[in-house]
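Working through the structure, step by step
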Amino acid sequence: MSVVGPRIVITGCGIVSALGHEPEEVCSRLMENASGARPVARFAELGMARHRAAMVDREAVLEQLSPQERQVQWGTALGIVAARKALVDAGLGVCLSDGVPLFVSSSLGSPEDFDEEADVWTQLEPDNPRAIARYPQGSMVAALARCLEATNRVHCITATCAGGNYALGEALDWLRDGRGLRALVGGMDGMLATVFAGFSQLRAVGDVCRPFDADRNGILPGEGAAFV
């Protein structure tokens, strides 16, 4: 079997999730059938029928950031920690260097500004196609790029649940086309009440993550970040 283009390898991994903050820990807990989901009080207060989600411990993430970095949106904070873990694992330090491009996926770009009110999802003006433009999807990725001192191209991919796969594919094409020798690739998202409410209104939220089970009853939303 022939391989088209140069051989691409992963030299570093970084993750922040409800199951753990190290790849080995996450894999081990997955093999043990562990779940990172827990009841979320805010979602219950909003009257949602199901209110379990895979949430990341904030203190464990924020303690790894500088005081200035703690001011970024929560999704960006997750991304900073996971991206730096991947860079360190690859022996490249804690910032991007030598013009390494950044490929990042985010479902909504974490527009936390419109997630403050309990009835926020009623304020999006569905009949106004320009309404969502008030919430720039690239803001979270731009903040990550600044914190990592990115000097090359920054690719922001917003493709909902498939975004991470798209980011990997775009970076793979970039490398195979000979446009660079390295790339930092990943995805990051904080769990917004707006997003959870949207899935809840679609009656798509379940209480256990079991996508291939005959008794599955929906998806189990969560938050986190992972980079290679």
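Here is a short report on the structure shown in this document. (Residues numbered from 1 in each chain as written. Predicted model: local features only at pLDDT ≥ 70, side-chain atom pairs only at ≥ 80, totals over all residues. Heavy atoms only, no water.)

**Brief notes about the layout of surface pockets**
- Size it by volume and the second largest pocket reaches roughly 560 Å³.
- Taken together, 26 residues line the second largest pocket, and the ones lying closest to its centre are I8, V9, L175, R182 and A183.
- Taken together, the elements giving at least two residues each to the lining of the second largest pocket come down to α4 (74-89), α6 (163-176) and β6 (184-189).
- For the lining of the second largest pocket, the element with the most residues is α6, which contributes four residues. (1 Å grid on protein atoms, 1.4 Å probe; cavity = no way out; pocket = protein on both sides within 12 Å on 5 of 7 lines; lining within 4 Å. Points joined across faces, edges and corners; volume = space filled by probe spheres on them. Helix = DSSP H or I, 4+ residues; strand = E, 2+ residues; numbered from the N terminus.)

**Here we look at the environment of R7**
- Here R7 lies in the segment before β1 (14-16).
- Look at R7 and you get exposed, because its relative accessible area is 74%.
- In this structure, the C-alpha to C-alpha distance between R7 and R176, residues 169 residues apart in sequence, is 8.1 Å. (Buried < 20%, exposed > 50% of the residue type's maximum accessible area, 1.4 Å probe, protein only.)

**What about the pairing of strand β5 (residues 154-157)?**
- Burial of β5 is one-sided: the residues H155 and I157 facing one way are buried, the residues V154 and C156 facing the other way are not.
- Across four bridges, the pairing between strand β4 (residues 102-105) and β5 is parallel. For S105, the partnering residue across the bridge sits in β5 and is I157. (Pairing = 2+ DSSP bridges.)

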